[in-house]
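Fold and contact review
Residues per chain, in single letters:
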Amino acid sequence: MRAGLALAELRRELCAAGVETEEHDVFPTRSGDPMLSLGPGLIVWAGPEWFRWVGERDRWRYHTTGDPAGAARLIRRFHDRLRRDRQEELPVRREHP
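Residues numbered from 1 in each chain as written. Predicted model: local features only at pLDDT ≥ 70, side-chain atom pairs only at ≥ 80, totals over all residues. Heavy atoms only, no water.

**Comments concerning the overall build of the protein chain**
Helix and strand counts for the protein chain come out as two helices and five strands. Listing each helix as α and each strand as β along the protein chain from the N terminus yields α-β-β-β-β-β-α. When burial is assessed residue by residue, the protein chain has 32% of its 97 residues classed as buried. In the protein chain, the share of contacts with a sequence separation of at least 24, taken over all contacts with a separation of at least 6, comes to 37%. Here the protein chain displays about 6,600 Å² of accessible surface, and carbon together with sulfur accounts for 50% of that area. (Helix = DSSP H or I, 4+ residues; strand = E, 2+ residues; numbered from the N terminus. Buried < 20%, exposed > 50% of the residue type's maximum accessible area, 1.4 Å probe, protein only. Contact = heavy atoms within 4.5 Å. Areas by Shrake-Rupley, 256 points an atom, 1.4 Å probe, with all protein chains shown as cover.)

**Points about the pattern of salt bridges**
Scanning all chains against the criterion turns up three salt bridges. Here E23 ties to R11 by a salt bridge, and the two come within 3.1 Å at their closest N and O atoms. In this pair, E23 is assigned in the loop between α1 (3-16) and β1 (26-28) and R11 in helix α1, connecting sequence segments twelve residues apart. For E23, a relative accessible area of 59% gives the class exposed. Among the salt bridges present, the one from E56 reaches R81, with a minimum N-O distance of 2.4 Å. In this pair, E56 sits in the loop between β4 (50-54) and β5 (60-64) while R81 sits in helix α2 (residues 68-95), placing the two residues 25 residues apart along the sequence. (Salt bridge = Lys/Arg side-chain N within 4 Å of Asp/Glu carboxyl O.)

**Brief notes about the sheet that holds β1**
Judged by pairing direction, the sheet is antiparallel, and its five strands sit side by side in the order β1-β2-β3-β4-β5 without closing on themselves. Strands with a single pairing partner mark the edges of an open sheet, and in this sheet they are β1 and β5. Averaged over all neighbouring strand pairs, the angle between strand axes comes to 25 degrees, with direction disregarded. Of the strand pairs in this sheet, strand β3 (residues 43-46) and β4 are connected by two bridges, and their pairing is antiparallel. (Pairing = 2+ DSSP bridges. Axes fitted to C-alpha atoms, helices over the stretch in contact; angles between N-to-C directions.)

**With respect to the packing of aromatic side chains**
The tally for this structure, following the rule as stated, stands at one aromatic pair. Note on W45 and W60: the rings are 5.4 Å apart at their centroids and 55 degrees apart in plane angle, and the pair reads as tilted. Taken together, the residues W45 in strand β3 and W60 in strand β5 connect sequence positions 15 residues apart. (Phe/Tyr/Trp six-rings, centres within 6.5 Å; stacked < 30°, edge-to-face > 60°.)

Geometry only, nothing functional implied.
Here it is in C-alpha cells:
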C-alpha cells in the first residue's frame, strides 16, 4: 500500500476514534513518505508496509498499514495517556513557573 494512502486511512480511523487531525498535521519526510504529528510526544511515520511511532518507555511501536483501525486503537490509547500526563503537569507548572 502506498504510504500516503495508508496515512489517509489511518487519519480516517483516528477521527472515528475521536482523535481529530488536520491537513497541516501531515509532513513529508526526506524519503518522501508522510508523517503525522499528533502533538508533543507523538509523531506517526507511515511507510508502504508499516506505521511506526515511539510509544511507552520510549520504545518503537510498529503496526501494519493493512490494519489502520488496529493502528488507530493503539495510537489512540497512547495519545490519551500523553494528554492525561500533560494535564496532570499543568497545575504544577502554574504553581512553580
